[in-house]
Amino acid sequence: MARVVFSSTQRALVDGAESVELEARRVVDLIEALYALYPKLAGQLDHAAVAIDGDIYNEGRFQPLEPTSEVHFMGQVSGGR
Amino acid sequence: MSERKFKYVGTRPIRHDGVEKVTGRANYGADVVLPGMLQGAIARSEHAHARILSIDTSKAEALEGVKAVVTAADFPDIPCEWKGGAAGGTDFGELSRNIMARDKVLYHGHALAAVAAVSPEIAREACKRIEVNYEVLEPVMSLDAALAPGAPILHPDQEPMGIESEGPTNVTNRLAFEGGDLDAGFADADVVIEREFTTPMVHQGYIEPHACTVRFNEDGKYSIWCSTQGPFSVQMSSAIVLAIEPNLVKCTPTEIGGGFGGKTTIYLEPVAMLLARKSGRPVRIVMSREEVFRASGPTSGGRVRMKLGAKRDGRFVAGDCEIWLEAGAFRGSPAGAAAMTGLSSYTFPNFRIQGYDVVVNKPKVAAYRAPGAPISNFAVESCVDEMARELRIDPIELRLRNAVQEGDRAPYGPTFKAIGLRDTLEQARNHPHYKTPLGESQGRGVACGFWFNAGMQSSAIVSVNTDGSAVVRTGNPDIGGSRVSLAMMAAEELGIPVERVRPVVGDTESVGYTDLTGGSRVTFATGMAVIEAAQDAVQQLRERAAKIWGVDAKDVKWEDGIAHGCNGAADQDPMPLKVLAPKLGATGGPVVGRAQVNPAAAGPGFATHICDIEVDPETGRSQVIRYTTIQDAGKAVHPSYVEGQMQGGAVQGIGWALNEEYLWDDDGVIENPGFLDYRMPVASDVPMIDTVIVEVPNPTHPYGVRGVGETPIVPPLAAVANAMRAATGVRFEQLPMSPPRVLEAIDRNGR
């Protein structure tokens, strides 16, 4: 099962959980499962970047997940140069 | 990857666009001229905070030579809606209101109306004749003023994100990262350093002001020529702001005279589009330098409270960093990035980092080279320096004892792969600069810095010409030498000299979608697309040679620009591209390679800087006398342009540290909107910046490339401040360390 680790900002929306393990083949499936589990989180991850085992994808909704994947959601990484 | 022997990558060819630029022939934003073109000008707010009661443009419209006038009434009322989460996003309603004020003006210089006329003088005169009735409101000009009880609220209807608020507030967002047990960490610390730092709002300071020219056709299509870092984002943003289909907008990027993030947004384009539509003639608008300062994106002023706990042996056990950043008139400071980068150079078993976004009556901030990171890094690295002093540990040694390496987790979540921070620190420790004795009134400072680097979407087309040369077409305006770097990567794959590869920056109708030039991503991500497109072309060339020889493509290999038969075709005479290229028509037509990528983030960038400074105790004037930047580039494609990025970032950071700041009067008016009074470093202010390129290959790129453009502006604020501490005995917690402030501090310190 993929393990989602929440930032402290996100914890306020997931009943204080630090992490959760969920079955999901792709990031988009994981997001749907998270929204179902934590209604307050709904919509918050729609534009988020996702880090899967350390690789950050600005648009990673359709990235595949491994059963051992560790996932973080964060602000999109861009920059000024 | 790292074992590959390169022929062109790692060399220093002359850039393809060099001749046009040094001879003055290159066309920048303000150089576009179209038949019948009108000149635009913007009428701007006289107040920093006011309600707009009425705008009367009749006297402007009556002026001879005026062809069109627009105000917010001509713009669709795009609803203000945050597209994104607490960690970042966009609000096109607010973008629209920043481009043209609606209901309220939120900073001095906020656009109120625009005029197109037959000459710039008439357009400016017409702007003066526009009459505005205001209800003047108290301006909010600092974080303290914004956060004070009873402060005027810029956006009373806006709901903050990430915080509970009992009523309207100027705080729009809070982002936080935590790990371990902070209280236990500090309780375990032998030494705790806690300080509060402030940095001023500063401007990117690009040489070329914002400029655009727009033509509107009777079929409803707009053509935009402008100085931008992202033609596709101009196309998309302008279309959204005007509520039209993006396919009605074509954007052609001109040459760009600097951007540093400031040209990743739009100011003039939708205004010129409306003026062109209304007048029926092309319209050009060029900002003056004063307008650039008053009304285009600076970066945030900030306040950072940093608390650092360590054991006697130097191990960091706790870090607590609280960042407050001015967003300007609309939400969206880089508080998130400042938070995500602030503690990322070191391992902290217990940490908390919080970023707050605060609106004030100043220009809306735009991206500026590693947005937010220099501000939080200034606080963290200043405290690390203090900790080294307290523990009597060499500052590089202390950093090495805590520096992140492969396998360590960043405070914002992900685990680092191969990174080069420790390598840069080792190189710094062994550099002659670090061992050179200092003279009287001189001090040396060290600081590290981190930036994520971005990946994002890119596409590339590599086409082979009939003479065996090639064209590389991408959609990224060339800010820092990316044309030649992309050509070098194509040359490497095709096996032909880089001079025979022509790099072209396309418009939005001649290349596939490509995200903007930003996030230090072009050589990494667009480079990856170029490599794959060139490999696609090479595969096609092998097939064509196979066709000529009557063999299978697997029996043809491509080496150094020459098709060689192998396996059953080993007896074929090698066929160079110059010989093969004229035969492409007879073997199936042109060879065009293409590729598109959306890679994961580009491999983090780390740097260590060493700064020597000399301070005149009589006047407080300081001079950076030696400066060395050491940075992990993964693989330097064109070392001269990597070094140029390192030097440029260092100089911008030195300016931020020593001199740059906006001066505001009590009414919120900028008093120094020009390079004479807004003091950026010039060549005579800084020594030659020494560079050391470290190459720890990035495992996510075929050549090992990392972005290099932003990291070098992250360490200098602290490197200079730490040098200043060593030279004067004073820990400067407020930037800039300008001569009056330094003199006052020295006097206060009793020296």
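Residues numbered from 1 in each chain as written. Chains lettered and ligands numbered in written order. Predicted model: local features only at pLDDT ≥ 70, side-chain atom pairs only at ≥ 80, totals over all residues.

### Topic: the overall build of chain A
Within chain A, the regular secondary structure consists of two helices and five strands. Secondary structure elements of chain A, listed N to C terminal, follow the sequence β-α-β-α-β-β-β. Each principal axis of the C-alpha atoms in chain A carries an extent, and together these give about 40 × 25 × 20 Å. Considering chain A as a whole, with its 81 residues, one finds that 46% of them fall into the buried category. Partitioning the intrachain contacts of chain A with sequence separation of at least 6 by distance along the chain shows that 44% fall at a separation of at least 24. (Helix = DSSP H or I, 4+ residues; strand = E, 2+ residues; numbered from the N terminus. Buried ≥ 20, exposed ≤ 12 C-beta atoms within 10 Å, placed from the backbone. Contact = placed C-beta atoms within 7 Å.)

### So, the sheet that holds strand β20 (residues 442–451) of chain B
Residue and element names in this part refer to chain B. An order of β20-β28-β29-β30 is seen for the four strands of this open sheet, with the pairing classed as mixed. Two strands in the sheet have a free side with no partner beyond their single neighbour: β20 and β30 (689–694). For this sheet, the mean inter-axis angle between neighbouring strands, taken without regard to orientation, is 15°. Inspection of the sheet shows strand β29 (residues 622–632) paired to β30 by six bridges, in the parallel sense. When the sheet's bridge partners are listed, aspartate 632 is paired in β30 with valine 694. Sitting on the sheet, helix α19 (residues 716–728) is in contact with β20, β28 (605–615) and β29, with an inclination near 160° to β20. (Pairing = 2+ DSSP bridges. Axes fitted to C-alpha atoms, helices over the stretch in contact; angles between N-to-C directions.)

### What to know about helix α7 (residues 231–242) of chain B
Residue and element names in this part refer to chain B. Taking 1.5 Å per residue as the helical rise, α7 with its 12 residues ought to reach 16 Å, and the 16 Å between its terminal C-alpha atoms agrees with that figure. In this structure, the buried residues of α7 make contact with α3 (92–99), β13 (222–226), β14 (249–253) and α8 (269–279). Once α7 finishes, alanine 243 follows within two positions and takes phi at roughly 55°, a positive value. (Expected span 1.5 Å × (residues − 1).)

### Here we look at the nonpolar core
Taken as a class, soluble globular proteins show a tendency for nonpolar side chains to be buried jointly. In this structure, B:Val115, B:Val271, B:Ala490, B:Val530 and B:Val720 are the most contacted members of the largest nonpolar core, which totals 253 residues. Those residues in contact with B:Val720, other than ones at most four positions away along the chain, are B:Gly445, B:Cys611, B:Ile613, B:Val624, B:Ile654, B:Ala657 and B:Leu658. (Core = buried A, V, L, I, M, F, W, Y, C linked by C-beta atoms within 7 Å.)

### Digging into the interface of chain B and chain A
Counting residues at the interface gives 42 residues for chain B, matched by 24 residues for chain A. Sorting the residues of the side of chain B that touches chain A by element identifies β4 (83–85), β5 (88–90) and β9 (171–179) of chain B as the ones contributing at least two each. No other element matches the five residues that β9(B) contributes to the side of chain B that touches chain A. When the residues that make up the side of chain B that touches chain A are grouped by side-chain class, the tally is 19 nonpolar, 17 polar and six charged. (Nonpolar A, V, L, I, M, F, W, Y, C, P; charged D, E, K, R; others polar.)

### A closer look at the pairing of strand β3 (residues 66–71) of chain B
The side chains of a regular strand alternate between both faces of the sheet. Residue and element names in this part refer to chain B. Of all six residues making up β3, six are buried, and the element is well covered by its neighbours. Of the pairings in the sheet, the one linking β3 to strand β7 (residues 111–117) comprises five bridges and is antiparallel in character. Residue pairing across strands places threonine 71 opposite alanine 113, the latter belonging to β7.

### What about the confidence of the model for chain A?
On average, residues of chain A carry a pLDDT of 88, and 94% of them reach 70 or more. In the model of chain A, strand β4 (residues 55–57) of chain A stands out as the element of lowest mean pLDDT, 83, in contrast to helix α2 (residues 27–37) of chain A, which has the highest, 95. (pLDDT = per-residue confidence, 0-100.)

### Notes on the sheet that holds β13(B)
Residues and elements named next belong to chain B. The strand order across the open sheet formed by seven strands is β3-β7-β1-β15-β12-β13-β14, and the pairing between neighbours is mixed. Here the strands that pair on one side only, and so sit at the sheet edges, are β3 and β14. Strand after strand, the sheet turns through a mean of 20° between neighbouring axes, direction not considered. Two elements, strand β1 (residues 38–44) and strand β15 (residues 283–286), share three bridges in a ladder whose sense is parallel. Counterpart to glutamine 39 in the pairing with β15 is arginine 284. Packed on one face of the sheet, α7 meets β13 and β14 and runs near 145° to β14.

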